[in-house]
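Chain residues, written in single-letter form:
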Amino acid sequence: MTQEVENTVIIGSGPAGYTAAIYACRSGLNPVIVTGSEPGGQLVTTPEIGNWPGRKDAPDGFSLMETLKEHALDLGTRLINDEVSKAVLGNDVKELTLSSGSILKTKTVIIATGAKARYLGLESENKYKGHGVSACATCDGFFFRNKTVAVVGGGSASFVEALFLSNICKKVYLIHRRDKFRAEQVMIDRLSKLCESGKVEFVLNATISEIKGDGSQVTAVEVLENNKSRTIPLDGIFVAIGHEAATKIFEGQLELYEDGCIKTGFGSATATSVKGVFAAGDCTDRVYRQAITSAGEGCKAALDVEKYLLG
């Protein structure tokens, strides 16, 4: 019996993946989504989204992704809760091997694998991951209720983490290697007000040299602040210094930038260097990295796939 060849398989289930599925359904392509190891993507860990068009109620990321998922399923998307472990993309019919051992055959692929959290790279950081070191405040913040924590970073992601933690923790330090932030001004203003009460403290021009602990849990962080060493007693550290594209399995098959992002624009906006393979969202985005821009890229990818299949 010959295995059915899908029209398109979407790898990833964040805003780009689900939006691609919605548009692919409307084009009659009967898309399949392979969710990946983190269904819903990074957005599910965001406690409040204040800039999604039409949602002035500032929904949390999990509920927003659930609505996108339901929309895609209602239109006929087939969802596979698995992860692609191997991809063979060079032939007209692409083959995707799942971690379960199943193989999907498809005429086109939309890669929407997103990005994963970047860490500091310290030996002491690795030692205490899961024991006071985290990259997700909404996942792990509950364990630090009424305790003292630090957030590392100076972009919007670090401010989202710090604002969330300020509601449940005794004190939040925001440690940043520069003296200026890259976050949205509205978030900077909100967190600055909390500094006046002592609930939050900015530690600027500072780099972390070591994360200290008692062997089982973080107890302090040592920083070099304005070229002076400082030890800050605390209970947990949340690293929010960006993400790296989740594209490792495509190395050697697709053209990638040095940071791992997939190069697109080979004939159409979302087309990759391999015919029939398209990419959208944070795995391609080196500039904006917003949920809404990822969704827009997902739309483009589905329309590009439709055009490609029509020849």
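Attention here is on the structure that accompanies the text. (Residues numbered from 1 in each chain as written. Predicted model: local features only at pLDDT ≥ 70, side-chain atom pairs only at ≥ 80, totals over all residues. Heavy atoms only, no water.)

Helix and strand content of the protein chain: seven helices and 17 strands. Here the C-alpha coordinates of the protein chain stretch approximately 65 × 40 × 30 Å along the principal axes. Sequence separation of 24 or more characterises 60% of the internal contacts of the protein chain that already satisfy a separation of 6 or more. For the protein chain, the accessible area works out to roughly 15,200 Å², and carbon and sulfur atoms hold 48% of it. Of note, the protein chain has its 34 positive side-chain charges centred 2 Å away from the centre of its 37 negative side-chain charges. (Helix = DSSP H or I, 4+ residues; strand = E, 2+ residues; numbered from the N terminus. Contact = heavy atoms within 4.5 Å. Areas by Shrake-Rupley, 256 points an atom, 1.4 Å probe, with all protein chains shown as cover. Lys, Arg positive; Asp, Glu negative; His and termini not counted. Charge placed at Lys NZ, Arg CZ, Asp CG, Glu CD.)

Helix length check: helix H6 (residues 185-196), at 12 residues, gives a terminal C-alpha distance of 17 Å against a target of 16 Å (1.5 Å per residue), a fit within 8%. Residues of H6 that are buried: Met187, Ile188 and Leu191. The buried residues of H6 occupy one face: seen down the axis, they fall within an arc of 100°. Summarising the geometry of H6, the exposed residues directed more than 90 degrees from the buried face are Val186, Lys193 and Glu196. (Expected span 1.5 Å × (residues − 1). Buried < 20%, exposed > 50% of the residue type's maximum accessible area, 1.4 Å probe, protein only. Arc of directions from axis to C-beta.)

This part covers the side chain of Thr106. Locating Thr106 in the fold gives a position in strand S6 (residues 103-111). For Thr106, the side chain forms a polar contact with the main-chain nitrogen of Val9, separated by 3.4 Å. Setting aside residues no more than four positions away along its own chain, Thr106 makes contact with Val5, Glu6, Asn7, Thr8, Val9, Asp92, Val93 and Lys94. (Polar contact = N/O pair within 3.5 Å; in protein donor to acceptor, adjacent residues only side chain to side chain.)

Glancing now at the environment of Asp179. Checked against the element boundaries, Asp179 lands in the loop between strand S10 (171-175) and H6. We classify Asp179 as partly exposed; its relative accessible area is 49%. With 25 residues separating them along the chain, Asp179 and Gly154 place their C-alpha atoms 9.1 Å apart. Contacts of Asp179, omitting those with residues within four sequence positions, involve Leu204 and Asn205.

Let us look at the packing of aromatic side chains. Tallying each qualifying case throughout the model produces six aromatic pairs. With a centroid separation of 5.9 Å and an interplanar angle of 75°, the aromatic rings of Phe142 and Phe143 are classed as edge-to-face. Since its relative accessible area comes to 55%, Phe143 is described here as exposed. Seen in terms of ring centroids, Phe181 and Phe202 are 5.0 Å apart; in terms of plane orientation they differ by 65°. Their pairing is edge-to-face. In this pair, Phe181 sits in the loop between S10 and H6 while Phe202 sits in strand S11 (residues 200-203), placing the two residues 21 residues apart along the sequence. Taking relative accessible area as the criterion, Phe202 reaches 22% and is therefore assigned partly exposed. One aromatic cluster in this structure is built from Phe159, Phe181 and Phe202. Sitting above the plane of the Tyr119 ring, Lys129 keeps its charged end 3.9 Å from the centroid. (Phe/Tyr/Trp six-rings, centres within 6.5 Å; stacked < 30°, edge-to-face > 60°. Lys NZ or Arg CZ within 6 Å of the ring centre and 35° of its normal.)

As a further point, take helix H1 (residues 15-26). For H1, which comprises 12 residues, the first-to-last C-alpha distance of 17 Å matches the rise-based estimate of 16 Å (1.5 Å per residue) to within 8%. Most of H1 is tucked away: 10 of the 12 residues are buried. Residues Pro15, Ala16, Gly17, Tyr18, Thr19, Ala20, Ala21, Ile22, Ala24 and Cys25 constitute the buried set of H1. Elements that come into contact with the buried residues of H1 comprise strand S1 (5-11), strand S2 (32-34), helix H2 (61-74), strand S3 (78-80), S6 and helix H7 (291-310). Phi turns positive one or two residues past the end of H1, at Gly28, with a value near 75°.

The strand order across the open sheet built from three strands is S12-S13-S14, with neighbouring strands paired in antiparallel fashion. Bordering the open sheet on either side are strand S12 (206-213) and strand S14 (228-233), each of which pairs with just one other strand. The sheet shows a mean angle of 25° between the axes of neighbouring strands, direction not considered. Across seven bridges, S12 lies against strand S13 (residues 218-225) in antiparallel orientation. Along S13, the bridge assignment pairs Ala206 with Glu225. (Pairing = 2+ DSSP bridges. Axes fitted to C-alpha atoms, helices over the stretch in contact; angles between N-to-C directions.)

With that settled, consider the nonpolar core. In this structure, Ile10, Tyr18, Leu43, Trp52 and Ile110 are the most contacted members of the largest nonpolar core, which totals 26 residues. Tallying contributions element by element places H1 first for this core, with six residues. Excluding anything up to four places from it in sequence, Ile10 contacts Gly17, Ala20, Ala21, Pro31, Val32, Ile33, Val34 and Ile110. (Core = buried A, V, L, I, M, F, W, Y, C linked by side-chain atoms within 4.5 Å.)

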